[in-house]
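Breakdown of the fold
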Amino acid sequence: MEKAVGPVRSVESVAGPHTSSFAATVTASTGLVFVKAAEEAGAPLSARAQTSEVAASAVTGILSPRLLHHGAVDGWRVLVFDHVEGRPVRLRLGSPDMAQVVGVVDRIGRIQPGRSAGLPTLVGRLREHLPPGRTGPLCGNRLLHTDLTSANMIIRPDGRLSVVDWGQVALGPRWAEVGFLGAALLREGHNLGEVRRWMWRFPEWRRTPPTARRALAEAMVGHTSGRDTWWISLVEPPIAG
């Protein structure tokens, strides 16, 4: 790592949910960087997420921090990113930040990396929870972050929004991102009815056949071992009035 950023002067670990075993802000001779590491043998899922992050960094452009270095040392996979100064997005309905959240969902959904980018697919992630021969609704070639939480969207001092932690990136249908964002809003404590009305503002979500939305919901219930049964209600149309 020091070959990429110079001698390390200090390391400050960063708490919170990350798709890695270790995360820290590192002060190097060239300035601040953000470092993520995963033990390949002890945390294979985290190591796999890092592979996805490397692939995503090639297609996200200025939406995400620049990947400065990636490699393996002593059984650990290490990623080094530009450090992003700023604050987490206020992921609350009615927050002024939500206009930028809508904008970033649109920008992500316009990216079509192609299979050669080496990104995982949403179908691949959820295949075991989909009925045989019923993968079609979740097929697609659009970039999906699938984990747009407040912590993963940073408002920089200049007002720009950066999206971090692409460890759960996937290729799939554009409308699916709206579903995952709705799930994030529910976890922030919003009312189910309010969230469904907000999601209905997205044309790609409104126009998606109910059977396709339900396929995502049922797969996510299976993916979470039955914990997140609220997915079934989340994908229903809002109640009028």
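Residues numbered from 1 in each chain as written. Predicted model: local features only at pLDDT ≥ 70, side-chain atom pairs only at ≥ 80, totals over all residues. Heavy atoms only, no water.

Thoughts on the sheet that holds strand E9 (residues 161-163)
Pairing is antiparallel in the open sheet, where three strands are placed in the order E6-E8-E9. The open sheet terminates on both sides in strands that have one partner only, identified here as strand E6 (87-88) and E9. One ladder, built from two bridges, connects E6 with strand E8 (residues 153-155); its direction is antiparallel. Paired with Pro88 across the strands is Ile154, a residue of E8. Across the sheet, helix H3 (residues 98-109) touches E8 and E9, and the angle it forms with E9 is around 50 degrees. (Pairing = 2+ DSSP bridges. Helix = DSSP H or I, 4+ residues; strand = E, 2+ residues; numbered from the N terminus. Contact = heavy atoms within 4.5 Å. Axes fitted to C-alpha atoms, helices over the stretch in contact; angles between N-to-C directions.)

Quick notes on H3
With 12 residues, H3 ought to run about 16 Å at 1.5 Å a step, and its terminal C-alpha atoms sit 16 Å apart, in line with that. Its buried side turned inward, H3 meets strand E7 (142-144), E8, E9, helix H5 (176-187) and helix H6 (192-199). (Expected span 1.5 Å × (residues − 1).)

Some thoughts on the side chain of Lys36
Topologically, Lys36 is positioned in strand E3 (residues 31-39). Residue Lys36 is classed as buried on the basis of its relative accessible area of 2%. (Buried < 20%, exposed > 50% of the residue type's maximum accessible area, 1.4 Å probe, protein only.)

Points about the side chain of Asp165
Along the chain, Asp165 falls in the loop between E9 and strand E10 (170-172). Within the local environment of Asp165, its side chain forms a polar contact with the side chain of Lys36, the two groups lying 3.1 Å apart. (Polar contact = N/O pair within 3.5 Å; in protein donor to acceptor, adjacent residues only side chain to side chain.)

Structural notes on the pairing of strand E2 (residues 22-28)
Within E2, five of the seven residues are buried, which leaves the element mostly enclosed by the surrounding structure. Here E2 runs beside E3; their pairing, made up of seven bridges, is antiparallel. By the bridge assignment, Thr25 is partnered in E3 with Phe34. Remark: two residues form the turn of the hairpin made by E2 and E3, two consecutive strands paired antiparallel.

Observations concerning the pattern of salt bridges
For the structure on display, the rule yields 12 salt bridges. Between Glu204 and Arg174 there is a salt bridge, and its shortest N-O distance comes to 3.9 Å. Linking Glu204 in helix H7 (residues 203-206) with Arg174 in the loop between E10 and H5, this pair joins segments that are 30 residues apart in sequence. Classification of Arg174 by relative accessible area gives partly exposed; the value is 22%. Between Arg187 and Asp228 there is a salt bridge, and its shortest N-O distance comes to 3.4 Å. Of this pair, Arg187 sits in helix H5 while Asp228 is found in the loop between helix H8 (210-223) and helix H9 (231-234), placing the two residues 41 residues apart along the sequence. (Salt bridge = Lys/Arg side-chain N within 4 Å of Asp/Glu carboxyl O.)

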